[in-house]
Amino acid sequence: MRKKLGSMLLAGALAMSMMLTACGGGSTATTQSGGGDTTAAPAPSGEVIKVGVVNNPPSESGYREANVKDMEKVFSSENGYDLKTSYSLKNDEQLQAAQGFITEGVDYLLISAAETTGWDEVLKKAQEAGIKVYLFDRMIDVDESLYEAAVVSDMAAEGDTAVNWLLDQNLDEYNVVHIQGAMGSDAQIGRTGALDAQFESGKMNKVVQQTATWDEAEAKKIVESVINSGDKFNVIYAENDGMAKGAVAALDEAGITHGVDGDVIVMGFDCNKWALRELLDGKWNYDGQCSPFQAQIISDLIQGKTTASSKKIINEEKGFDAKTITQEDIDTYGLGE
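Small disclaimer: the values here were computed from a predicted structure and weren't measured. Note on numbering: residues in each chain are counted from 1, in written sequence order. Given that the model is predicted, a residue must reach a pLDDT of at least 70 before its local features are reported, and side-chain atom pairs must reach 80 or more before they are shown or counted; all residues, however, enter totals for whole chains, interfaces and linings. Excluding hydrogens and water, the side-chain values take into account all heavy atoms of the structure.

Draft legend 1. Layout of the sheet that holds strand E12 (residues 286–289). Following DSSP output, two strands are said to pair if at least two bridges run between them. Put simply, DSSP H or I for four residues or longer makes a helix, DSSP E for two residues or longer makes a strand, and each gets a number counted from the N terminus. Strand order in this open sheet of 6 strands is E9-E8-E10-E11-E12-E15, and the pairing throughout is mixed. The outermost strands of the open sheet, each flanked by one partner alone, are strand E9 (205–211) and strand E15 (319–321). Averaged over all neighbouring strand pairs, the angle between strand axes comes to 15°, with direction disregarded. In this sheet, E9 lies alongside strand E8 (residues 175–180) in parallel orientation, the contact comprising 6 bridges. Pairing of Asn175 across the sheet is with Asn205, part of E9. By definition in these notes, contact holds between two residues if any of their heavy atoms fall within 4.5 Å. As a rule, the C-alpha atoms of each element are fitted with a line to give its axis, helices using only the stretch in contact, and angles between N-to-C directions run from 0 to 180 degrees. This element, helix H9 (residues 273–280), spans E12 and E15 of the sheet and lies at about 145° to E12.

As structure tokens, then:
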């Protein structure tokens, strides 16, 4: 029997409250008035601020579409910015784009990296050129002296919240189909870590663990393969909503029940409105929030409206249970339409 989720571990949405909350160790911080040294000097009044954004493409997911729209809205000409953008899921293409923005002489370089490694040289060149760097959405493995601040989700906390919810269901056994995002991305690493710990402890059984690179169709193929193999499973842990949707399509075609009182627990991440509606209808069981709204925080730092007491600014996020979610939750926290 599944035990009803007692409480969610994290609450609130940064996008709605425009507040920043410290999570984790000493490297995280909230923004505050006064103190700190991670805010770049604002441009002189009336001067256009040139910003280069290196990001994943909006087609990646509903989350990314919302993230891209947020960046374009905040860093607009109406707000005093000259925005240049580059979108790719490939780290080498992102690195080339960042180098191009450095050559063009942007004032600020904003990065959501496809992979956590390989960025040292480019960020050193930006620093030598006097270009301020902000990370958003995802961390990368570089010395923190190479960027001004990182406005990110705590992906490991997202994974912990989801796995703790799953443990709270008190299943007789956990046979998990784990569908991963793009390997090496901060989101994949964080959302995978907590589940890997359960596999290693023996509390959960890894039926399959395979990347679908955030893609719905690939996720469907993975689940179809598991079904055809005859392997027993009762949990699908998909690292974004799109992949969870693909997994459910495979279940439906095979006539396998899922969601509340179904044979298979379905878990996703990102909290698209359409995905949260699946929870409300009892077709999915859990969805983990990942806030895509970081642009205004970075803009306020750039323009000196706020300061950060340290390098890492964490989006405060929560998870949703099909048995407790409400329409108000969907209206408040859901992404898209």
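Draft legend 2. Local environment of the layout of surface pockets. Cavity: a set of points on a 1 Å grid over the protein atoms alone where a 1.4 Å probe fits but cannot get out. Pocket: an open set with protein on both sides within 12 Å along at least five of seven lines, its lining residues, like those of a cavity, having an atom within 4 Å of a point. Grid points are joined across faces, edges and corners, and a volume is the space filled by probe spheres set on the points. The space that makes up the second largest pocket amounts to roughly 160 Å³. If you go around the second largest pocket, the residues you meet are Glu60, Ser61, Gly62, Trp214, Asp215, Glu216, Asn240, Asp241, Gly242, Lys245, Asn272 and Trp274.

Draft legend 3. Quick look at the pairing of strand E11 (residues 265–270). For every residue, the accessible area (1.4 Å probe, protein chains only) is compared with the maximum for its type, and the residue is labelled buried under 20%, exposed over 50%, or partly exposed between those bounds. With respect to burial, E11 is a largely interior element, 6 of its 6 residues being buried. Here E11 shows a buried face lined by Ile265, Met267 and Phe269 and a second buried face lined by Val266, Gly268 and Asp270. Here strand E10 (residues 235–238) pairs with E11 via 3 bridges, running parallel. Considered in E11, the bridge of Ile236 is made with Val266. With respect to chirality, the unit in which E11 leads through H9 into the neighbouring parallel E12 is right-handed. For crossovers, right-handed means that the path from the first strand over the helix to the second runs clockwise, given strands pointing away from the viewer.

Draft legend 4. Main features of the nonpolar core. Formed by 37 residues in total, the largest nonpolar core has its most connected members in Val177, Ile179, Val223, Phe233 and Ile236. When contributions to this core are tallied by element, the ones reaching two or more residues are E8, E9, helix H7 (216–229), E10, helix H8 (241–254), H9 and helix H11 (327–333). In terms of residues, this core owes the most to one element, H8, which gives 6 residues. Aside from chain neighbours lying at most four places away, what touches Val177 is Val207, Val208, Val223, Val226, Phe233, Val235, Ile236 and Tyr237. The nonpolar core is taken to be a set of buried Ala, Val, Leu, Ile, Met, Phe, Trp, Tyr and Cys residues, with the residues joined through side-chain atoms within 4.5 Å. In this structure, Ala97, Leu109, Ala126 and Ala150 belong to the second largest nonpolar core, which totals 25 residues.

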